[in-house]
Amino acid sequence: MFAIAARTTVRRITPTTFTRSMITITEGVEFDTIAREWRCKWSADNDKASLAAAQKALEEVADELKKIDGVKGVTRTVCGGCLDFKVATSLEADKFGAWEEAKFAPEEKFLEKLKVIDGISVVETQTFTLMPV
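All values derive from a computational prediction rather than experimental measurement.

Colleague: Can you lay out the overall build of the chain for me, pointing to particular residues and giving the numbers?
Modeller: Assigned secondary structure in the chain consists of three helices and six strands. Beginning at the N terminus, the succession of helices and strands in the chain can be written as β-β-β-α-β-β-α-α-β. Contacts in the chain between residues far apart in sequence, at least 24 positions, make up 68% of those at least 6 positions apart. For the chain, the accessible surface area stands at approximately 9,600 Å², while carbon and sulfur atoms represent 51% of it.

Colleague: An account of the sheet that holds strand 3 (residues 33–41) is requested, with residue identities and associated values reported.
Modeller: Across the sheet, which stays open at both edges, the four strands sit in the order 4-5-3-6 with antiparallel pairing between neighbours. The open sheet has two edge strands, strand 4 (71–79) and strand 6 (121–130), and neither has a second partner. Ignoring which end each strand starts from, the neighbouring axes of this sheet average 15° apart.

Colleague: Please provide a residue-by-residue account of the nonpolar core, values included.
Modeller: With 24 residues, the main nonpolar core has Leu65, Phe85, Trp99, Phe110 and Leu114 as its most contacted residues. The biggest single contributor to this core is helix 1 (residues 45–66), with six residues. Discounting chain neighbours no more than four positions away, the residues touching phenylalanine 85 are Trp38, Arg39, Cys40, Trp42, Leu51, Ala54, Gln55, Leu58, Arg76, Thr77, Val78 and Phe110.

Colleague: Can you explain the packing of aromatic side chains? Please cite residues and give values.
Modeller: In the structure shown here, the tally under the stated rule is four aromatic pairs. For the pair phenylalanine 96 and tryptophan 99, a centre-to-centre distance of 6.0 Å together with 85° between the ring planes defines the contact as edge-to-face. One end of the pair, phenylalanine 96, and the other, tryptophan 99, are both in helix 2 (residues 93–101), three residues apart, so they sit about a helical turn from each other. Taking the relative accessible area as the measure of exposure, tryptophan 99 reaches 4% and is therefore buried. Following the ring pairs from residue to residue traces out a cluster consisting of Phe96, Trp99 and Phe104.

Colleague: A description of helix 1 should follow, citing residues and the corresponding values.
Modeller: Residues three or four positions apart in an α-helix share a direction because the helix packs 3.6 residues into each turn. Here helix 1 contains 22 residues, and its C-alpha end-to-end distance of 31 Å stays within 8% of the 32 Å for a straight helix at 1.5 Å per residue. Of all the bends in helix 1, the largest measures some 40° and sits at glutamate 60. Three or more residues of helix 1 are buried, namely Ser50, Leu51, Ala54, Ala57, Leu58, Val61, Ala62 and Leu65. Buried-residue contacts for helix 1 involve strand 3, strand 4, strand 5 (84–92), helix 2 and helix 3 (107–115).

Colleague: Any details on the environment of lysine 115? Residues and values, ideally.
Modeller: Here lysine 115 lies in helix 3. Lysine 115 sits in the partly exposed class, given a relative accessible area of 49%. A C-alpha to C-alpha distance of 9.7 Å links lysine 115 and alanine 54, two positions 61 residues apart in sequence.

Colleague: I'd love a proper account of the packing of helix 1 against helix 3, names of residues and values included.
Modeller: As a packed pair, helix 1 and helix 3 sit with axes 9 Å apart at the nearest point and diverge in direction by 170°. Judged by the inter-axis angle, helix 1 sits roughly antiparallel to helix 3. Contacts between helix 1 and helix 3 involve Ala54, Ala57, Leu58, Glu60, Val61 and Glu64 from the first element and Lys109, Phe110, Lys113 and Leu114 from the second. Of the residues that constitute the contact of helix 1 with helix 3, the class distribution is six nonpolar, no polar and four charged.

Colleague: Tell me about the pattern of salt bridges, residues and numbers included.
Modeller: Applying the stated criterion across every chain yields a total of 10 salt bridges. In this structure, glutamate 124 and arginine 39 form a salt bridge, with 3.0 Å as the shortest nitrogen-oxygen distance. Highlighted residues: glutamate 124 in strand 6 and arginine 39 in strand 3, separated in sequence by 85 residues. A relative accessible area of 34% means that glutamate 124 is categorised as partly exposed. Measuring nitrogen to oxygen at the nearest pair gives 2.3 Å for the salt bridge that ties glutamate 60 to lysine 113. In this pair, glutamate 60 sits in helix 1 while lysine 113 sits in helix 3, placing the two residues 53 residues apart along the sequence. Since its relative accessible area comes to 44%, glutamate 60 is described here as partly exposed. Via salt bridges that share partners, Glu37, Arg39 and Glu124 belong to a single interconnected network.

Analysis parameters
Residues numbered from 1 in each chain as written. Predicted model: local features only at pLDDT ≥ 70, side-chain atom pairs only at ≥ 80, totals over all residues. Heavy atoms only, no water. Helix = DSSP H or I, 4+ residues; strand = E, 2+ residues; numbered from the N terminus. Contact = heavy atoms within 4.5 Å. Areas by Shrake-Rupley, 256 points an atom, 1.4 Å probe, with all protein chains shown as cover. Pairing = 2+ DSSP bridges. Axes fitted to C-alpha atoms, helices over the stretch in contact; angles between N-to-C directions. Core = buried A, V, L, I, M, F, W, Y, C linked by side-chain atoms within 4.5 Å. Buried < 20%, exposed > 50% of the residue type's maximum accessible area, 1.4 Å probe, protein only. Phe/Tyr/Trp six-rings, centres within 6.5 Å; stacked < 30°, edge-to-face > 60°. Expected span 1.5 Å × (residues − 1). Bend = angle between axes of the 7 residues up to and from the residue. Parallel < 35°, antiparallel > 145°, perpendicular 65-115°, else oblique. Nonpolar A, V, L, I, M, F, W, Y, C, P; charged D, E, K, R; others polar. Salt bridge = Lys/Arg side-chain N within 4 Å of Asp/Glu carboxyl O.

What follows is the structure in structure tokens.
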């Protein structure tokens, strides 16, 4: 007969705390992410050729956007009802200023490509903050 002693291994787990640099707009409204949006309207004419061309223009700058220091994500939004085409590039808030100083490159190149596409109109930009709720 063998006697087996139960062994219990206790590991001490130290919780990891991640701190984020938060910016406060007003009490209760904080953020750590700033995004730049490029948007336009496209036309359903010619089998949505302007939408296809806008997508191609985005693909030509997508890698450049993803390499921006502090980038958290690049998203494309298309609305088939109101004919919106939007590209939002989000960055860590503390890295956004450097991108702004660089004139949001490749923004000018991308917007110029949109402006010459037949069927594209209302080319605009907007900067906003993002925060999960």
